[in-house]
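This is what each chain is made of:
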Amino acid sequence: MAGFDDPGVFFSDPFFSSEDRSEDGDLSRVAAQRRFKDFIKTFMDHDSCYCYRDQLKRHYNLGQYWLVVELGDLSSFDAQLADKLSRLPSEFMPMFEEAAREAADELTQPRPLGEEQVEDIQVLLRSEANPIQIRELRSEHMARLVKVPGIVISASGVRAKATRISIQCRSCKTFRSNIPIKPGLEGYSLPRRCNTEQAGRPKCPVDPFFIVPDKCKCVDFQVLKLQESPDAVPKGELPRHMQLYCDRYLTDKVVPGNRVTVMGVYSIRKATFKSSKSSRGEKATSAGLRRPYLRVVGIEVESEGPGRAGSAPLTPQEEEELRRLAARPDIYDVIAKSIAPSIYGSIDIKKAIACLLFGGSRKRLPDGLTRRGDINLLLLGDPGTAKSQLLKFVEKVAPIGVYTSGKGSSAAGLTASVMRDPVSRNFIMEGGAMVLADGGVVCIDEFDKMREDDRVAIHEAMEQQTISIAKAGITTTLNSRCSVLAAANSVFGRWDDTKGEAVSDSLS
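Note that the structure is a prediction, hence the values are computed from the model and not measured. Within each chain, residues carry numbers counting from 1 in the order of the written sequence. A pLDDT threshold of at least 70 governs which residues receive local features in this predicted model, and a stricter bar of 80 or more applies before side-chain atom pairs are shown or counted, although totals over entire chains, interfaces and linings include all residues. Heavy atoms from the whole structure form the basis of all side-chain values; hydrogens and water molecules are not counted.

Caption draft 1: Broad picture of the overall build of the chain. Of the regular secondary structure elements, the chain holds 13 helices and 20 strands. Expressed as a percentage of its 508 residues, the buried residues of the chain come to 38%. Pairs at least 24 apart in sequence give 67% of the contacts found in the chain among residues at least 6 apart. For accessible areas, the Shrake-Rupley method is used with a probe of radius 1.4 Å. Any residue's cover is judged against the shown protein chains and nothing else. For the chain, the exposed surface amounts to about 29900 Å²; the carbon and sulfur share of it is 51%. Runs of H or I in DSSP of at least four residues are treated as helices and runs of E of at least two as strands, each being numbered from the N terminus. For every residue, the accessible area obtained with a 1.4 Å probe (protein chains only) is divided by the maximum for its type, and the residue is called buried under 20%, exposed over 50%, and partly exposed between those limits. By the convention used here, residues are in contact when the closest approach between their heavy atoms is within 4.5 Å.

Structure follows, in structure tokens:
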């Protein structure tokens, strides 16, 4: 019985609190949120300034409630926290945004009258890590942060999605408020039964609940369609696609034709397919089948400005070599001979292709009109004169190159098409080859084999460098700032010297 009345000694350690670590040694939620907040308020960049604190305060005062964070800075501040964020973004991103909201609450005190309630902050992530192609995404990347490059080929309209809903029972009028909804394309299944019991009243029927729209909190969202870059697609394979989910301040950031690098959470949603047994074409859902999509947490647009693709920075050795080449008096001939060197002769054609690749100067006049600087070129000649080889070479050399054949191309495939979205049943627009090649070169072989209607459709893109669409209630203009390199045969297959100038216009 010795020691039965010993009360023991109880103490707390303020320096190594047990709440900072869970049983398996990981960061707890409270400790992770506190570390995120310390990072926003105390991180200093190379210029010894509090970059994220100043950025958050500046954006909040301008009414822009978002914060751009570089993952490399977070890793240098706390490597374990950055690793947790990349491995479990669905758990740690809400903590990060709540920490940003608390930091904004402290940094913007005192606020004007009527704005005492602090707004929610959206955290946008950026990373210098190597990107992963769409066809390289596997099951081990599921629910993790990934960085994917590609081209946006279609964009839906901006719609509203509920983040917190309130539901009411039709029978007993019972409210259930503030029900959270997971972010992404997953919905919410309403309860089948009402558990409220009232004396003297019968039980509520099955499926009694309905959503009360006036008491829901919603955010904007947009669905994009991302396609692999043409230079990343292996020969003989079709380009892969990925659906993107953007919400809040990430909506309306890109248009079809933009080359982007996306940071997002690789997620899954229920896959629906058309039921063959149903005569009305109803959608059925498979229990074990899921369709992947990307929940975007950051977008970097690479084709800003005149539509040029972002290129890798030059090294000092490459810059010195370029300056030495530019000082040569015969630089024009050197560049012309470097184009398709395996093809003998045709020096005039190669000089013209060199001018097309370098392009002219895009001029913007004082009255707002623009003059294009891109050069369009048509190669007209007999079969077997290496026209297709020159086109193939230009497609490989150009930073953005799209190769297509005239016989297998339509007006919609070259310019743009309007399609019906299978999910929302609304009309959406998908860009064609000339929109995807914005800032590059479109190579069209067998130009004389194209139908007259399809050939006329690209005239606006070559002259005004825009593509106008007025179909199915969609009226818009897409950018098509690209050069066109086309190859065609004469009107009778071969050049006929006996007919003289009568056949010079082979496309009439």
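More follows now that the structure is in view.
Caption draft 2: Quick peek at the layout of surface pockets. Two kinds of site are reported from a 1 Å grid over the protein atoms alone, namely cavities, where a 1.4 Å probe fits but cannot get out, and pockets, open sets with protein on both sides within 12 Å along at least five of seven lines, and residues are called lining when an atom falls within 4 Å of a point. Grid points are joined across faces, edges and corners, and a volume is the space filled by probe spheres set on the points. The volume enclosed by the largest pocket comes to roughly 1300 Å³. Lining the largest pocket are 41 residues, and of these Glu97, Thr163, Ile181, Pro183 and Arg248 sit closest to its centre. Elements supplying a minimum of two residues to the lining of the largest pocket: α5 (89-107), β2 (122-126), β4 (159-169), β7 (217-227), β8 (241-247), β9 (259-274) and β10 (283-301).

Caption draft 3: Geometry of the packing of helix α2 (residues 51-61) against α5. Angles here are taken between N-to-C directions and fall from 0 to 180 degrees, while the axes themselves are lines fitted to C-alpha atoms, restricted in helices to the stretch in contact. α5 packs onto α2 with a crossing angle of 75° between their chain directions and a minimal axis gap of 10 Å. Considering the angle they form, α2 stands roughly perpendicular to α5. Of the residues in α5, those in contact with Arg53, Leu56, Lys57 and Tyr60 of α2 are Ala100, Ala103, Ala104 and Leu107. Gly is put with the polar residues, along with every residue not named as nonpolar or charged; the nonpolar set is Ala, Val, Leu, Ile, Met, Phe, Trp, Tyr, Cys and Pro, and the charged set is Asp, Glu, Lys and Arg. Split by residue class, the contact of α2 with α5 holds 6 nonpolar, no polar and 2 charged. With respect to orientation, any angle under 35 degrees is reported as roughly parallel, any angle over 145 as roughly antiparallel, any angle of 65 to 115 as roughly perpendicular, and every other angle as oblique.

Caption draft 4: Structural context of the side chain of glutamine 55. Tracing the backbone through its elements, the reader meets glutamine 55 in helix α2. You can call glutamine 55 buried: its relative accessible area is 12%. Beyond its immediate stretch of four places on either side in the chain, glutamine 55 contacts Leu67 and Val68.

Caption draft 5: Broad picture of the pairing of β4. Judged from the 5 bridges that link them, β4 and β7 form a sheet pairing that is antiparallel. Bridge pairing links alanine 160 to aspartate 220 in β7. The pairing of β4 with strand β5 (residues 175-180) spans 4 bridges and is classified as antiparallel. Bridge pairing in β5 links glutamine 168 to phenylalanine 175. As paired elements, β4 and strand β6 (residues 209-211) share 3 bridges and run antiparallel to each other. Paired with isoleucine 167 across the bridge in β6 is isoleucine 211. In short, DSSP must find at least two bridges between two strands for them to pair.

Caption draft 6: Examining the sheet that holds strand β13 (residues 377-380) more closely. Taken together, the 4 strands give an open sheet; going across it, the order is β13-β20-β17-β14, and neighbouring strands pair in parallel fashion. Each edge of the sheet is formed by a strand with only one pairing partner; in this case those strands are β13 and β14 (401-405). Each strand axis lies, on average, 15° off the axis of its neighbour in the sheet, ignoring direction. Direction of pairing for β14 relative to strand β17 (residues 441-445): parallel, over a ladder of 5 bridges. Bridge pairing links glycine 401 to valine 441 in β17. Across the sheet, helix α8 (residues 347-358) touches β13, β17 and β20 (483-488), and the angle it forms with β13 is around 160°.

Caption draft 7: The packing of aromatic side chains, seen in detail. Aromatic contacts are taken between Phe, Tyr and Trp rings whose centres are within 6.5 Å, Trp giving its six-membered ring; a plane angle under 30 degrees counts as stacked, one over 60 as edge-to-face, and the others as tilted. Applying the stated rule across the entire model yields 8 aromatic pairs. Ring centres of phenylalanine 39 and phenylalanine 43 lie 5.3 Å apart, and the angle between their planes is 45°; on these two criteria the pair is classed as tilted. Residue phenylalanine 43 is classed as buried on the basis of its relative accessible area, which comes to 9%. Measuring from ring centre to ring centre gives 5.8 Å for phenylalanine 43 and tyrosine 52, while their planes differ by 40°; the resulting arrangement is tilted. Of the two residues, phenylalanine 43 and tyrosine 52, neither departs from the other in class, the shared state being buried. Charge-over-ring placement is defined geometrically: NZ (Lys) or CZ (Arg) within 6 Å of the ring centre, and within 35 degrees of the ring normal. The side chain of lysine 215 reaches across the aromatic face of phenylalanine 175, ending 5.7 Å from its centre. Between the NZ or CZ atom of lysine 253 and the centre of the ring of tryptophan 66, over which it lies, the distance is 5.9 Å.

Caption draft 8: Expanded view of helix α1 (residues 29-42). Here α1 spans 20 Å end to end across 14 residues, near enough to the 20 Å set by a 1.5 Å rise per residue. If you check which residues of α1 are buried, you get Ala31, Ala32, Phe36, Lys37, Phe39 and Ile40. To estimate the expected span of a helix, subtract one from its residue number and multiply by 1.5 Å.

Caption draft 9: Representation of a nonpolar patch on the surface in the model. Patches here are clusters of residues that have more than 30% relative accessible area and form no salt bridge, with a 9 Å joining cutoff for like charges and a 5 Å cutoff for nonpolar side chains (Val, Leu, Ile, Met, Phe, Trp, Tyr). Here, a salt bridge means any side-chain nitrogen of Lys or Arg that lies within 4 Å of a carboxyl oxygen of Asp or Glu. On the surface, Tyr188, Leu190 and Ile211 cluster together to form a nonpolar patch covering roughly 230 Å² of accessible area. Considering the arrangement of structural elements, one finds isoleucine 211 in strand β6.

Caption draft 10: Quick look at the environment of lysine 161. Among the structural elements, lysine 161 can be located in strand β4. Considering only alpha carbons, one finds lysine 161 and lysine 217, 56 residues apart in sequence, at a separation of 8.4 Å. Ignoring anything within four residues of it in the chain, the contact list for lysine 161 reads Ile181, Lys182, Gly184, Glu186, Lys217, Cys218, Val219, Phe221 and Tyr245.

Caption draft 11: Representation of the side chain of arginine 295. Assignment of secondary structure puts arginine 295 in strand β10. Under this rule, positive means Lys or Arg and negative means Asp or Glu; His and the chain ends count for nothing. Of the buried charged residues, arginine 295 lacks a salt bridge, with aspartate 247 as the closest side chain of opposite charge at 6.1 Å. If near-sequence neighbours (up to four positions away) are discounted, arginine 295 is found in contact with Ser90, Pro183, Gly184, Tyr245, Met263, Gly264, Val265 and Ser267.

Caption draft 12: Looking closely at the confidence of the model for the chain. Confidence of the predictor at the level of single residues is given by pLDDT, which spans 0 to 100. A residue-level look at the chain finds 85% of positions with pLDDT of 70 or above and a mean pLDDT of 80. Predicted confidence is poor over residues 11-19, with pLDDT under 50, and the contacts of this stretch with residues over four places away or in other chains come to 3 contacts. In the predicted structure, residues 304-310 sits below a pLDDT of 50 and forms 14 contacts with residues beyond four places in sequence or in another chain.

Caption draft 13: Molecular detail of unusual backbone geometry. One non-glycine residue with positive phi stands out, namely aspartate 252, at about 60°. Looking at the element boundaries, aspartate 252 is found in the loop between β8 and β9. The exposed category is assigned to aspartate 252, whose relative accessible area is 58%. Of note in the backbone geometry, alanine 386 takes a positive phi value of approximately 65° without being a glycine. Among the structural elements, alanine 386 can be located in the loop between β13 and α9 (387-397). By relative accessible area, alanine 386 is classed as partly exposed at 22%.

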